[in-house]
There are 2 protein chains.
Amino acid sequence: MGSYAAPLRDMRFVLFELLDVERRYAELPGMAIDRETLDQLLETAGKFASEVLFPLNQVGDREGCKLKDGAVTTPTGFRDAFRQFRDGGWAGLDADAEDGGQGLPHSIGIVVEDMVASANQAFSMYPGLTHGVYSCIRSYGTEQQKRTYLPKLANCEWTGTMCLTEAHCGTDLGLLRTRAVPQAGGSYLVTGEKIFISSGEHDLAENIVHLVLARLPDAPKGTKGISLFIVPKFLPDAAGGVGARNGVVCSSLEHKMGIKGNSTAVLTFDDARGFLLGEAHKGLAAMFLMMNGARLTTGMQGLRLADVAYQNALAYAKERPQGRSLTGPKAPDQPADPIIVHPDVRRMLLTQKAYTEGARAFSYWLATLLDREHHHPDAAARKEAADLVALLTPVVKAFVSDNGFACTALAQQVLGGHGYINEWGMEQYVRDARIAQIYEGTNGIQALDLLGRKVLADGGAKLRIFGKMVQAFLEEARATEGMAPFLDALGGCLAELTSLTKELGVKAMSNPDEVGAAATDYLRVVGHCALGYWWARAAHVALQKKGSGERFYEAKLATARFFFARLLPEAAYHARAARAGAEVLMALPADGF
Amino acid sequence: MGSYAAPLRDMRFVLFELLDVERRYAELPGMAIDRETLDQLLETAGKFASEVLFPLNQVGDREGCKLKDGAVTTPTGFRDAFRQFRDGGWAGLDADAEDGGQGLPHSIGIVVEDMVASANQAFSMYPGLTHGVYSCIRSYGTEQQKRTYLPKLANCEWTGTMCLTEAHCGTDLGLLRTRAVPQAGGSYLVTGEKIFISSGEHDLAENIVHLVLARLPDAPKGTKGISLFIVPKFLPDAAGGVGARNGVVCSSLEHKMGIKGNSTAVLTFDDARGFLLGEAHKGLAAMFLMMNGARLTTGMQGLRLADVAYQNALAYAKERPQGRSLTGPKAPDQPADPIIVHPDVRRMLLTQKAYTEGARAFSYWLATLLDREHHHPDAAARKEAADLVALLTPVVKAFVSDNGFACTALAQQVLGGHGYINEWGMEQYVRDARIAQIYEGTNGIQALDLLGRKVLADGGAKLRIFGKMVQAFLEEARATEGMAPFLDALGGCLAELTSLTKELGVKAMSNPDEVGAAATDYLRVVGHCALGYWWARAAHVALQKKGSGERFYEAKLATARFFFARLLPEAAYHARAARAGAEVLMALPADGF
């Protein structure tokens with residue numbers, strides 16, 4: 001039950017009115033795209049997501065994936081939908097033209113992925129990971145590897161996986177044990193067991209290309225002794241087609257809280273033929289390239305599920321009659337008012353709306369910076385984009401996925417008891433949203449990455465780029481009537497962030513645990529500051545266009561006011577918690593808990 | 001997988017060291033109980049919960065309840081466990097001796113229920129609702145009704161349900177349509193459909209006693225025309241045993257996010273024979289008596305699930321080697337340190353510990369006040385207890401269940417990917433905990449009840465009782481060395497609550513929507529203040545007993561420090577959000593969303 005309609009108006013607002021992507025793409029060689037083409041693309045993608053993928057979302061959850069004799073069957077309808085996805089050209093939107101793709105900016109691919117994943121997150125992970133493997137081989141592969149794999153991966157004729165985790169190690173990959181033994185002819189035999197492999201085995205494509213982290217016999221200990229291997233399910237034959245079956249089998253499927261339509265496999269590699277990707281012992285760096293892109297879209301899963309959950313909560317709130325407005329009946333001819341008259345129901349709806357739309361602006365912007373980082377002709381522009389991407393990717397990953405989980409739970413709450421039963425579909429969004437806080441590096445790890453590696457390690461240089469950008473907007477926008485309240489609040493948040501960062505920098509020098517103690521709360525301060533920036537920019541545009549008469553701008557302004565009045569103040573609490581220090585966490589000995 | 005051990009040390013701390021229940025119970029006629037007896041009772045109950053009920057928790061989740069030809073089969077093992085529960089005398093602990101119960105204080109029954117529900121929440125709901133029906137009939141039943149039903153319900157030979165919700169009405173019971181037509185001889189024929197009926201049909205007992213809200217033919221519209229009926233599944237025969245089958249059938253079972261081991265039934269009443277309970281048209285008041293008790297324990301479900309989830313997260317954090325402490329290896333002979341060395345993991349664990357132990361003190365105290373309200377010989381003491389119970393029951397319901405959900409999610413997060421799969425049991429706690437925020441009146445409704453009915457409606461009189469109690473402690477405890485930081489923070493929170501309440505009182509007079517706009521955030525401020533009070537009291541006891549050498553007190557103090565440093569400051573954020581006013585919520589027209 002329920003429905004999904006791509007939020008095209010808001011997507012266009014972000015792309016064209018906030019980000020001016022036509023101008024941005026025109027700066028990138030060969031990537032110019034006109035608004036009309038883009039508009040039509042979004043519309044067609046939205047239709048496909050609503051009509052083909054959304055109806056399979058509950059089916060996927062109910063049926064899950066089934067393993068029999070090593071073969072995995074995906075839920076009813078997934079095979080056909082995947083074929084349509086491939087045939088429609090959705091797989092290769094942002095793949096290179098020479099690989100059969102359409103050569104569009106990656107950020108457009110991400111916007112389309114938004115619709116796919118809002119409609120059906122479990123489904124979206126099959127092509128999503130494939131795109132990551134495509135990027136990784138494109139960056140690190142030999143010419144022959146590129147020729148063999150890229151055209152197959154570009155259009156999802158073959159799909160891909162990332163094989164990192166083993167039962168005894170996830171976060172700490174330095175402990176991994178899978179080994180690769182060199183063979184005559186330059187290939188390797190890979191042996192070991194990998195767990196939690198999303199899309200690890202399925203019936204959607206004729207071949208699966210696993211990227212596997214393993215150790216060579218002479219590897220140094222720890223993370224500096226890890227290499228990356230291409231291990232296809234079927235070895236490519238001389239003509240580039242599917243050849244002999246390789247020594248990798250799906251030994252079991254995990255039963256999970258959510259994303260049940262995606263197969264989460266335990267893969268056993270037993271002398272499986274593998275091919276070194278990139279340099280020996282430098283596999284982790286290569287994998288992290290893939291992972292960083294994945295972290296952006298993993299964070300965005302929060303936004304995607306919050307969006308579809310919000311749509312359904314809103315529809316329910318407008319229709320469900322229950323109780324009367326405290327200020328007198330609003331639907332006097334009906335036995336009760338629709339629950340959207342109640343301030344607390346509106347608080348829940350506006351929280352979802354503010355976090356979702358704010359995250360859309362924030363993350364689409366970061367996606368355009370990814371394109372800028374890789375394609376801008378000017379080195380300085382590339383460097384600045386790369387710095388912002390490095391700084392803010394963990395923020396999208398953690399802040400947006402945390403808010404996404406909270407928002408799906410709020411959407412569920414709007415439906416009361418109906419939100420708790422399977423039938424209405426709301427509780428599935430909560431279960432599906434939960435994983436984004438965990439995989440691709442837990443949100444705690446993202447926070448450490450942000451504060452330790454991205455902020456303190458370079459003395460705050462990357463953060464200053466962000467700060468200057470916000471400062472410039474604060475000055476530029478002050479001339480616009482009505483902006484003062486937004487700018488004052490944003491300026492306050494930035495000042496708080498700046499002084500907090502300095503204080504933590506000093507503390508961290510005397511005790512590294514201060515970083516870990518403050519990291520999660522610190523990340524929420526940065527997240528609020530980034531969302532505040534984008535909500536202020538949105539208000540800026542909306543104020544200027546208010547005269548257009550389009551009600552969209554009225555809603556945008558009202559939501560911005562809500563964000564600054566009720567959500568942004570949370571940042572002050574987190575700043576205070578971040579200042580509380582390590583002692584209060586570390587005082588108790590482990591066996592004293 | 002996983003395990004549960006009743007937190008006996010902390011339960012004893014709360015009961016004997018914080019609340020001094022021996023003294024409290026001695027004040028209630030016929031309810032004195034010595035510490036040794038109580039200690040032994042807790043130990044035996046804990047053993048039963050760990051050994052009999054916990055092993056069935058995952059079974060219940062996996063199998064769920066099954067409906068075939070109107071009959072419901074509970075999960076494997078539930079029947080046998082229920083028989084053991086009954087035979088062990090656990091059902092009738094706090095039922096009257098004349099009904100075959102043990103006549104213990106209700107608050108002791110609640111503590112035992114804690115262990116039962118931590119071990120297996122779905123199971124605990126079968127006897128839990130039965131106890132509510134027992135109380136309701138004891139308060140409102142005729143002598144004959146009491147004779148017929150109480151002895152059967154006291155020991156769970158028969159179980160009970162509350163039948164309120166219909167498909168079109170949950171929160172707004174004024175809309176309900178089930179009707180009751182008077183018959184010769186004084187009984188009624190009840191017809192209608194009720195949904196979301198917990199324990200509505202099952203194979204654990206020979207009879208089920210439904211309490212059903214319905215309208216008489218001459219009933220006024222709205223909530224003032226609702227009456228309450230006893231509708232047993234089997235009509236009692238002349239000898240008090242099970243007689244003819246009544247016209248109520250389970251037409252379907254809901255498929256839910258969690259608590260799958262409990263049967264959530266759609267019940268169809270078709271000319272079912274019913275018996276008026278209490279006065280005509282006054283059914284809602286009677287049902288609310290039952291509901292208020294249920295709201296306390298519903299809130300406590302958050303604490304119960306947070307407790308078992310915390311135990312398992314803590315065990316994992318102590319054992320799982322992953323990464324190195326930022327301040328240098330703590331287990332240098334191992335390939336990695338256990339993750340409890342990381343400050344952010346400790347932040348997650350201490351948050352769970354602080355919310356769980358704080359909620360235990362807060363809610364056990366409220367449970368003892370319930371006994372005081374009903375049994376204290378002095379009318380003034382009864383009145384004061386009743387006022388505090390009325391004021392704080394919605395706070396336990398919402399604050400403790402919200403924190404419980406958040407804590408189970410944190411516990412799940414500690415396990416990383418292992419937390420997301422069924423096998424480890426962590427994700428079930430999250431799914432099971434979610435319902436407590438929804439049923440027995442959503443948490444939004446609790447907040448309205450608190451601010452509108454309990455605080456503002458009497459001009460803050462009930463709140464002042466609470467405030468005076470806190471104030472008295474602030475003055476009394478200041479003499480104890482080391483208390484100042486706790487008392488300063490608590491005093492600040494109380495002052496904030498007091499001024500916030502006054503401001504909202506003024507605003508509400510000009511616009512009732514101000515109550516709805518502030519209610520949820522206001523409730524969190526009260527919740528923090530109440531937990532702050534109990535954490536300060538806990539610290540007070542621990543400071544005085546620190547010299548005993550028992551490490552328990554060291555942990556108690558460290559957790560209190562964590563609570564005041566990192567959790568209590570959230571109250572200031574909510575006070576600010578509560579002050580933001582209705583305009584920011586109500587400005588946008590419903591069709592402008």
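*Asks:* Pulling in residues and values, what's your account of the overall build of chain A?
*Replies:* Tallying secondary structure elements over chain A gives 20 helices and 11 strands in all. In terms of C-alpha radius of gyration, chain A reaches 24 Å, essentially the compact-globule figure of 25 Å for 593 residues. When each of the 593 residues of chain A is scored for burial, the buried share is 64%. Contacts in chain A between residues far apart in sequence, at least 24 positions, make up 73% of those at least 6 positions apart. For chain A, the accessible surface area stands at approximately 20300 Å², while carbon and sulfur atoms represent 54% of it. Mean positive and mean negative side-chain charge positions of chain A (62 and 67 charges, respectively) differ by 2 Å.

*Asks:* An account of the relation of the copies chain B and chain A is needed here, citing residue identities and associated values.
*Replies:* If you rotate chain B by 180° and push it 0.0 Å along the axis, it lands on chain A with an RMSD of 0.0 Å. The relationship between the two copies is best expressed as a two-fold rotation axis. Closest approach to the rotation axis within chain B is made by the C-alpha atom of Tyr573 of chain B, at a distance of 3.0 Å. Residue by residue, 100% of the interface of chain B is reproduced at the interface of chain A, so both copies engage with the same surface.

*Asks:* An account of the interface of chain B and chain A is needed here, citing residue identities and associated values.
*Replies:* Often the size quoted for an interface is simply the accessible area lost on bringing the parts together. Each side of the interface is counted separately: chain B has 90 residues, and chain A has 90 residues. For the pair chain B and chain A, the summed buried surface comes to about 7800 Å²; carbon and sulfur atoms form 61% of the total. If you sort the residues of chain B by the area they bury against chain A, Tyr420, Arg566 and Phe593 of chain B come out on top, with a joint share of 12%. At the boundary of chain B with chain A, the tally comes to four salt bridges. The shortest N-O distance in the salt bridge between Asp521 of chain A and Arg566 of chain B comes to 2.4 Å.

*Asks:* Please set out helix α9 (residues 283-319) of chain B residue by residue, giving values where relevant.
*Replies:* Residues and elements named next belong to chain B. Given a rise of 1.5 Å per residue, 37 residues ought to cover 54 Å, and the 54 Å separating the end C-alpha atoms of α9 matches this to within 8%. Along α9, the largest kink reaches about 25° and is centred on Met300. Burial runs high along α9: 29 of the 37 residues are buried.

*Asks:* Run through the side chain of Lys462 of chain A, naming residues and quoting values.
*Replies:* All names here are of chain A. Position of Lys462 relative to the elements: it lies in helix α15 (residues 461-477). Side-chain polar atoms of Lys462 contact the side chain of Asp458, separated by 3.0 Å. Look past the residues within four positions of Lys462 in its chain and what remains in contact with it is Asp387, Ala390, Leu391 and Lys454.

*Asks:* How would you explain the packing of aromatic side chains if you had to name every residue and give the values?
*Replies:* A full pass over the atoms with the stated rule returns 43 aromatic pairs over all chains. Look at Phe48 of chain A and Phe85 of chain A: their rings are 6.4 Å apart centre to centre, the planes differ by 40°, and that puts the pair in the tilted class. Linking Phe48 of chain A in helix α3 (residues 35-53) with Phe85 of chain A in helix α5 (residues 78-87), this pair joins segments that are 37 residues apart in sequence. Accessibility assignment for this pair places Phe48 of chain A and Phe85 of chain A in one class, buried. Ring centres of Phe48 of chain B and Trp90 of chain B lie 6.3 Å apart, and the angle between their planes is 25°; on these two criteria the pair is classed as stacked. In this pair, Phe48 of chain B is assigned in helix α3 (residues 35-53) and Trp90 of chain B in the loop between α5 (78-87) and α6 (106-119), connecting sequence segments 42 residues apart. For the pair shown, Phe48 of chain B and Trp90 of chain B are each scored as buried. Counting every residue linked through ring pairs, the aromatic cluster contains Phe48, Phe78, Phe82, Phe85, Trp90 and Phe123 of chain A.

*Asks:* So what about the pattern of salt bridges? Which residues, and what values?
*Replies:* Any two side chains of opposite charge can pair if their charged atoms end up close together. Residue and element names in this part refer to chain B. Throughout the structure, instances matching the rule amount to 82 salt bridges over all chains. Lys146 is paired through a salt bridge with Glu143; the nearest N and O atoms lie 3.7 Å apart. Here Glu143 and Lys146 lie together in helix α8 (residues 143-154), a separation of three residues that amounts to about one turn. Residue classification places Glu143 among the exposed positions, given a relative accessible area of 52%.

*Asks:* Outline the domain arrangement of chain A, listing residues and values.
*Replies:* All names here are of chain A. Domain assignment breaks chain A into domain 1 (8-143), domain 2 (159-280), domain 3 (291-326 + 335-441) and domain 4 (458-583). Placing a centre on the C-alpha atoms of domain 3 and another on those of domain 4 gives a separation of 18 Å. If you look at the interface, domain 3 gives 24 residues, while domain 4 gives 22 residues. Between domain 3 and domain 4 we count one salt bridge in total. For Lys556, the salt bridge identified is with Glu357, shortest N-O distance 2.8 Å. Within the residue set of the side of domain 3 that touches domain 4, elements represented by two or more residues are α10 (343-375) and α11 (379-414). Residues of the side of domain 3 that touches domain 4, tallied by class, amount to 15 nonpolar, three polar and six charged.

*Asks:* How would you summarise the packing of helix α1 (residues 8-18) of chain B against helix α10 (residues 343-375) of chain B if you had to cite specific residues and measurements?
*Replies:* Residue and element names in this part refer to chain B. Following both chains from N to C, one finds α1 and α10 inclined at 45°, their axes separated by 10 Å at the closest point. It follows from the interaxial angle that α1 and α10 lie oblique. Here α1 runs over α10; the crossing is right-handed. Here Asp10, Met11, Val14, Leu15 and Leu18 of α1 come into contact with α10, specifically with Glu357, Arg360, Ala361 and Tyr364. For the contact of α1 with α10, a count of residues per class yields six nonpolar, no polar and three charged.

*Asks:* Residues and numbers for the side chain of Thr408 of chain A, please.
*Replies:* Residues and elements named next belong to chain A. Among the secondary structure elements, Thr408 is positioned in helix α11. Under the relative-accessibility criterion, Thr408 is labelled buried at 0%. At 2.8 Å, the side chain of Thr408 forms a polar contact with the backbone oxygen of Phe405. Dropping the residues within four chain positions of it, Thr408 is found in contact with Leu305, Ala306, Ala309, Tyr429, Val430 and Ala433.

What counts and what doesn't
Residues numbered from 1 in each chain as written. Chains lettered and ligands numbered in written order. Predicted model: local features only at pLDDT ≥ 70, side-chain atom pairs only at ≥ 80, totals over all residues. Heavy atoms only, no water. Helix = DSSP H or I, 4+ residues; strand = E, 2+ residues; numbered from the N terminus. Rg over C-alpha atoms; globule rule 2.2 N^0.38 Å. Buried < 20%, exposed > 50% of the residue type's maximum accessible area, 1.4 Å probe, protein only. Contact = heavy atoms within 4.5 Å. Areas by Shrake-Rupley, 256 points an atom, 1.4 Å probe, with all protein chains shown as cover. Lys, Arg positive; Asp, Glu negative; His and termini not counted. Charge placed at Lys NZ, Arg CZ, Asp CG, Glu CD. Least-squares fit on C-alpha atoms with pLDDT ≥ 70 in both. Buried area = accessible area lost by both parts, 1.4 Å probe. Salt bridge = Lys/Arg side-chain N within 4 Å of Asp/Glu carboxyl O. Expected span 1.5 Å × (residues − 1). Bend = angle between axes of the 7 residues up to and from the residue. Polar contact = N/O pair within 3.5 Å; in protein donor to acceptor, adjacent residues only side chain to side chain. Phe/Tyr/Trp six-rings, centres within 6.5 Å; stacked < 30°, edge-to-face > 60°. Domains from an automatic or database assignment. Nonpolar A, V, L, I, M, F, W, Y, C, P; charged D, E, K, R; others polar. Axes fitted to C-alpha atoms, helices over the stretch in contact; angles between N-to-C directions. Parallel < 35°, antiparallel > 145°, perpendicular 65-115°, else oblique. Left-handed = near helix turned anticlockwise from the far one by under 90°.

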